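Now for the letters of each chain:
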Amino acid sequence: DIRFLPASAVLPRDTFSLRGVLMHVFVSYRVATEGHEGNGLAERLATKIRSMSLDPKHELQLPRHGWGIWPKSAKRPVPFLPEEAKVFLDTECLLDGQSSIAAFVQGMVASMCVVPILSWTENDQGSLGELSRI
């Protein structure tokens with residue numbers, strides 16, 4: 001017999017809400033390898049997630065009660081629709097003068113899902129390949 005407790009029984013009242021401040025997906029990547037300076041995978045992934053969240057025929061379309069509120073600690077990408085998935089990419093969401101470490105932590109804590117992109121290509125390139133040479 002499986003019983004589910006309401007979130008209010010497990011989490012403090014102000015912790016997390018689909019109507020509160022949230023990011024749907026946090027994409028963790030290295031700009032030099034998976035970002036705009038590399039193969040662009042992070043940006044393509046964010047675009048795909050956003051487009052699927054707007055498609056009424058797709059299972060990832062967000063219900064109205066799941067839109068949430070954009071965090072003040074992150075800049076909105078332009079253009080942005082309130083009903084699309086909120087995807088955190090540091091190149092789009094970092095506020096001017098904001099520490100990248102602070103933005104990383106705040107974005108991750110506010111996110112429902114964290115997607116780390118790791119790569120290792122020939123000649124020890126990619127995000128993991130470069131770390132292996134340290």
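Keep in mind it's a predicted model, so treat the numbers as computed, not measured.

## Remarks on helix 3 (residues 41-54)
Counted at 1.5 Å a residue, the expected span for helix 3 with its 14 residues is 20 Å, and the 20 Å between its end C-alpha atoms agrees. Those residues of helix 3 that fall on the buried side of the exposure criterion are A42, E43, A46, I49, R50, M52 and S53. For helix 3, the secondary structure elements touched by its buried residues are strand 1 (23-28), helix 2 (31-34), strand 2 (87-88) and helix 4 (90-93).

## Regarding the packing of aromatic side chains
Inspection of every chain in the model, using the stated rule, returns 3 aromatic pairs. Note on F26 and F88: the rings are 4.9 Å apart at their centroids and 15 degrees apart in plane angle, and the pair reads as stacked. With F26 in strand 1 and F88 in strand 2, this pair connects stretches of sequence that are 62 residues apart. When the ring of F26 is compared with that of F104, the centres are 5.0 Å apart and the planes differ by 85 degrees; the resulting orientation is edge-to-face. Linking F26 in strand 1 with F104 in helix 5 (residues 100-109), this pair joins segments that are 78 residues apart in sequence. The class for F104 is partly exposed, based on a relative accessible area of 37%. Grouping aromatic residues by their ring pairs yields a cluster made of F26, F88 and F104.

## Observations concerning the pattern of salt bridges
Taken as a whole and judged by the stated rule, the model has 2 salt bridges. Across the pair R50 and E84 runs a salt bridge whose closest N-O atoms are separated by 3.8 Å. Of this pair, R50 sits in helix 3 while E84 sits in the loop between helix 3 and strand 2, placing them 34 residues apart in sequence. Residue R50 is classed as buried on the basis of its relative accessible area, which comes to 10%. The exposure class assigned to E84 is buried, which follows from its relative accessible area of 6%. A salt bridge links R50 to E92; the nearest nitrogen and oxygen atoms lie 2.7 Å apart. Taken together, the positions of R50 in helix 3 and E92 in helix 4 put the pair 42 residues apart, joining distant regions of the chain.

## Looking at the environment of G38
Among the secondary structure elements, G38 is positioned in the loop between helix 2 and helix 3. With 88 residues separating them along the chain, G38 and G126 place their C-alpha atoms 8.9 Å apart. Setting aside its immediate chain neighbours within four residues, G38 contacts V31, A32 and T33.

## Description of the nonpolar core
With 12 residues, the main nonpolar core is built from V25, V27, Y29, A42, A46, I49, L62, W67, A85, V87, L89 and I117. Elements with a contribution of two residues or more to this core: strand 1 and helix 3. Of all the elements, helix 3 adds the most residues to this core, at 3 residues. Leaving out residues up to four positions away in the same chain, V27 has contacts with A42, L45, V87, F88, L89, V115 and I117. Core analysis: the next-biggest nonpolar cluster, separate from the first, contains 9 residues, F26, W70, C93 and A103 among them.

Calculation criteria
Residues numbered from 1 in each chain as written. Predicted model: local features only at pLDDT ≥ 70, side-chain atom pairs only at ≥ 80, totals over all residues. Heavy atoms only, no water. Helix = DSSP H or I, 4+ residues; strand = E, 2+ residues; numbered from the N terminus. Expected span 1.5 Å × (residues − 1). Buried < 20%, exposed > 50% of the residue type's maximum accessible area, 1.4 Å probe, protein only. Contact = heavy atoms within 4.5 Å. Phe/Tyr/Trp six-rings, centres within 6.5 Å; stacked < 30°, edge-to-face > 60°. Salt bridge = Lys/Arg side-chain N within 4 Å of Asp/Glu carboxyl O. Core = buried A, V, L, I, M, F, W, Y, C linked by side-chain atoms within 4.5 Å.

Remember that the coordinates give geometry; whether it matters functionally is a separate question.
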